[in-house]
Amino acid sequence: MPSDAEMAVYAKSLPPIYHDIMAAFPVIEPGRKAGSGLAFQTLAIHFANTKRGHGLEEIREACKQLADSGFVEIRNTIFVHPTDLGEQLIAVVTGGPRAANIVVPQLPTRNW
């Protein structure tokens, strides 16, 4: 895993679509847990609403390249989930904290 300083240097070289995709995760879902995914269509709607100009097919191709580089995983052909490396990139791109791993307590055993 690269250092945050190394990731910051890398992030500065990102073309806008990659920066926008990674920055969109905490904007669309502020309380998300680490690795929580978004649908391609959700990203497309977000970019349309924010006038970023990235279309659905462009988003799919960019996400495929992000997956090929280990920043995200594509699941069920429509969801993009950041990996640990992707979470680091999101934090660097946004200047915010990394998403937390949320732990929910076990449900008690039923007594009936």
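My aim in this report is to walk through the structure given alongside it, one point at a time. Going along each chain's sequence as written, the residues are numbered from 1 onward. pLDDT decides what is reported in this predicted model: residues at 70 or higher carry local features, side-chain atom pairs at 80 or more are listed and counted, and totals for whole chains, interfaces and linings draw on all residues regardless. Side-chain descriptors were evaluated using all non-hydrogen atoms of the structure, hydrogens and water having been removed beforehand.

Considerations on unusual backbone geometry
Line of reasoning, step 1. Phi at Lys 51 is positive, roughly 55°, even though this residue is not glycine.
Line of reasoning, step 2. Helix numbering and strand numbering both begin at the N terminus, where a helix is a DSSP run of H or I of at least 4 residues and a strand a DSSP run of E of at least 2. Topologically, Lys 51 is positioned in the loop between helix H3 (40-49) and helix H4 (56-68).
Line of reasoning, step 3. Looking at Lys 51, the relative accessible area reads 73%, which means it is exposed.
Line of reasoning, step 4. Look at Asn 76: it is not a glycine, yet its phi comes out positive at around 55°.
Line of reasoning, step 5. Turning to its location among the elements, Asn 76 is positioned in the loop between strand S2 (72-75) and strand S3 (79-82). A simple rule labels every residue: compare its accessible area, found with a 1.4 Å probe on the protein chains alone, to the largest value its type can have, and call it buried under 20%, exposed over 50%, or partly exposed in between.

Some thoughts on the environment of Ala 8
Line of reasoning, step 1. If you trace the backbone, Ala 8 turns up in helix H1 (residues 4-12).
Line of reasoning, step 2. Residue Ala 8 is classed as partly exposed on the basis of its relative accessible area, which comes to 26%.

Brief notes about the packing of H1 against helix H5 (residues 84-94)
Line of reasoning, step 1. Between the N-to-C directions of two axes lies an angle of 0 to 180 degrees, each axis being a line fitted to C-alpha atoms and, for a helix, fitted only over the stretch in contact. The contact between H1 and H5 brings their axes to 9 Å, and the two run at 70°. In this view, H1 runs roughly perpendicular relative to H5, as classed from their interaxial angle. Between H1 and H5, the contacting residues are Asp 4, Met 7, Ala 8, Tyr 10 and Ala 11 on the first element and Leu 85, Gln 88, Leu 89, Val 92 and Val 93 on the second.
Line of reasoning, step 2. Looking at the contact of H1 with H5 residue by residue, the classes come out as 8 nonpolar, 1 polar and 1 charged. By the definition adopted for this analysis, an angle is roughly parallel if under 35 degrees, roughly antiparallel if over 145, roughly perpendicular if from 65 to 115, and oblique otherwise. Residue contacts follow a heavy-atom distance rule, with two residues in contact if any of their heavy atoms lie within 4.5 Å. Classification convention: Asp, Glu, Lys, Arg as charged; Ala, Val, Leu, Ile, Met, Phe, Trp, Tyr, Cys, Pro as nonpolar; all other residues, Gly among them, as polar.

Section: the nonpolar core
Line of reasoning, step 1. We define a nonpolar core as any set of buried Ala, Val, Leu, Ile, Met, Phe, Trp, Tyr and Cys residues linked to one another through side-chain atoms lying within 4.5 Å. Among the nonpolar cores identified, the biggest contains 25 residues, and Ile 21, Met 22, Leu 43, Ile 59 and Leu 89 are the most heavily contacted of them.
Line of reasoning, step 2. For this core, the elements supplying multiple residues, two or more each, are H1, helix H2 (16-28), H3, H4 and H5.
Line of reasoning, step 3. In terms of residues, this core owes the most to one element, H2, which gives 7 residues.
Line of reasoning, step 4. Ile 59 has contacts with Ile 17, Ile 21, Phe 40, Leu 43, Ala 44, Phe 47 and His 54, leaving out every residue within four places of it along the chain.

Here's the deal with the packing of aromatic side chains
Line of reasoning, step 1. A pair of Phe, Tyr and Trp rings is counted when the ring centres sit within 6.5 Å of each other, with Trp represented by its six-membered ring. The angle between the planes then sorts it: under 30 degrees is stacked, over 60 is edge-to-face, the rest tilted. One pass over the full model with this rule turns up 1 aromatic pair.
Line of reasoning, step 2. Taking 5.6 Å as the distance between ring centres and 20° as the angle between the ring planes, the aromatic pair formed by Tyr 10 and Phe 71 counts as stacked. One end of the pair, Tyr 10, is in helix H1; the other, Phe 71, is in the loop between H4 and S2, with 61 residues separating them in the sequence.

A short note on the pairing of S2
Line of reasoning, step 1. In short, DSSP must find at least two bridges between two strands for them to pair. As paired elements, S2 and S3 share 4 bridges and run antiparallel to each other. Residue pairing across strands places Ile 74 opposite Val 80, the latter belonging to S3.
Line of reasoning, step 2. In textbook terms, the turn of a hairpin is the stretch between consecutive antiparallel strands, and for S2 and S3 this stretch comprises 3 residues, one of which, Asn 76, has a positive phi near 55°.

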